[in-house]
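Here is what each chain is made of, one letter per residue.
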Amino acid sequence: MGNKAIYIYTRSGCEESQSLKKYLSRDQIPYHEIDISRSHDLESELLGLTGTTITPAIVVDQRSIFGKKKRAVFSGYVTNKSNIKRVIQ
């Protein structure tokens with residue numbers, strides 16, 4: 001996990017966001033939460049990353065051993081659950 005940074009864009013009251021946070025916490029996967037309900041600018045940031053404001057959105061930044069940066073972005077937890085697990089494990 002040391003070469004990965006996980007950012008999750010959430011919204012208060014979003015059940016899928018809560019499910020994602022429970023999953024990550026249960027498996028002790030560190031993440032940075034960005035609650036877009038706190039700021040219109042954060043919602044705009046999410047829109048720029050994913051093309052939508054659907055939450056949760058998961059952004060995984062990963063560095064290879066050669067220093068090359070790779071980014072995976074997912075909108076929605078339930079529909080992307082298996083892909084998210086594969087990328088963050």
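Parameters and conventions
- Residues numbered from 1 in each chain as written.
- Predicted model: local features only at pLDDT ≥ 70, side-chain atom pairs only at ≥ 80, totals over all residues.
- Heavy atoms only, no water.
- Helix = DSSP H or I, 4+ residues; strand = E, 2+ residues; numbered from the N terminus.
- Buried < 20%, exposed > 50% of the residue type's maximum accessible area, 1.4 Å probe, protein only.
- Contact = heavy atoms within 4.5 Å.
- Salt bridge = Lys/Arg side-chain N within 4 Å of Asp/Glu carboxyl O.

1. Section: the environment of Asp35
Here Asp35 is to be found in strand β2 (residues 32-35). The buried category is assigned to Asp35, whose relative accessible area is 17%. When the C-alpha positions of Asp35 and Val59 are compared, they lie 14 Å apart, and in sequence the two are 24 residues distant. Other than its neighbours up to four places away in sequence, Asp35 contacts Thr10, Arg11, Ser12 and Leu42.

2. Considering the pattern of salt bridges
Oppositely charged side chains may form a pair once their charged atoms are brought near each other. What the rule picks out here adds up to 4 salt bridges. Two residues, Glu33 and Lys21, come together in a salt bridge whose shortest N-O distance is 3.1 Å. Of this pair, Glu33 sits in strand β2 while Lys21 sits in helix α1 (residues 15-26); the two residues are 12 residues apart in sequence, bridging distant segments of the chain. A salt bridge links Asp61 to Arg71; the nearest nitrogen and oxygen atoms lie 2.7 Å apart. Taken together, the positions of Asp61 in strand β3 (residues 57-63) and Arg71 in strand β4 (residues 69-75) put the pair 10 residues apart, joining distant regions of the chain. The class of Asp61 is buried, set by a relative accessible area of 9%. A residue is classified by how much of its surface remains accessible, and Arg71, at 47% relative accessible area, is partly exposed.

On their own, these measurements won't tell you what the molecule is for.
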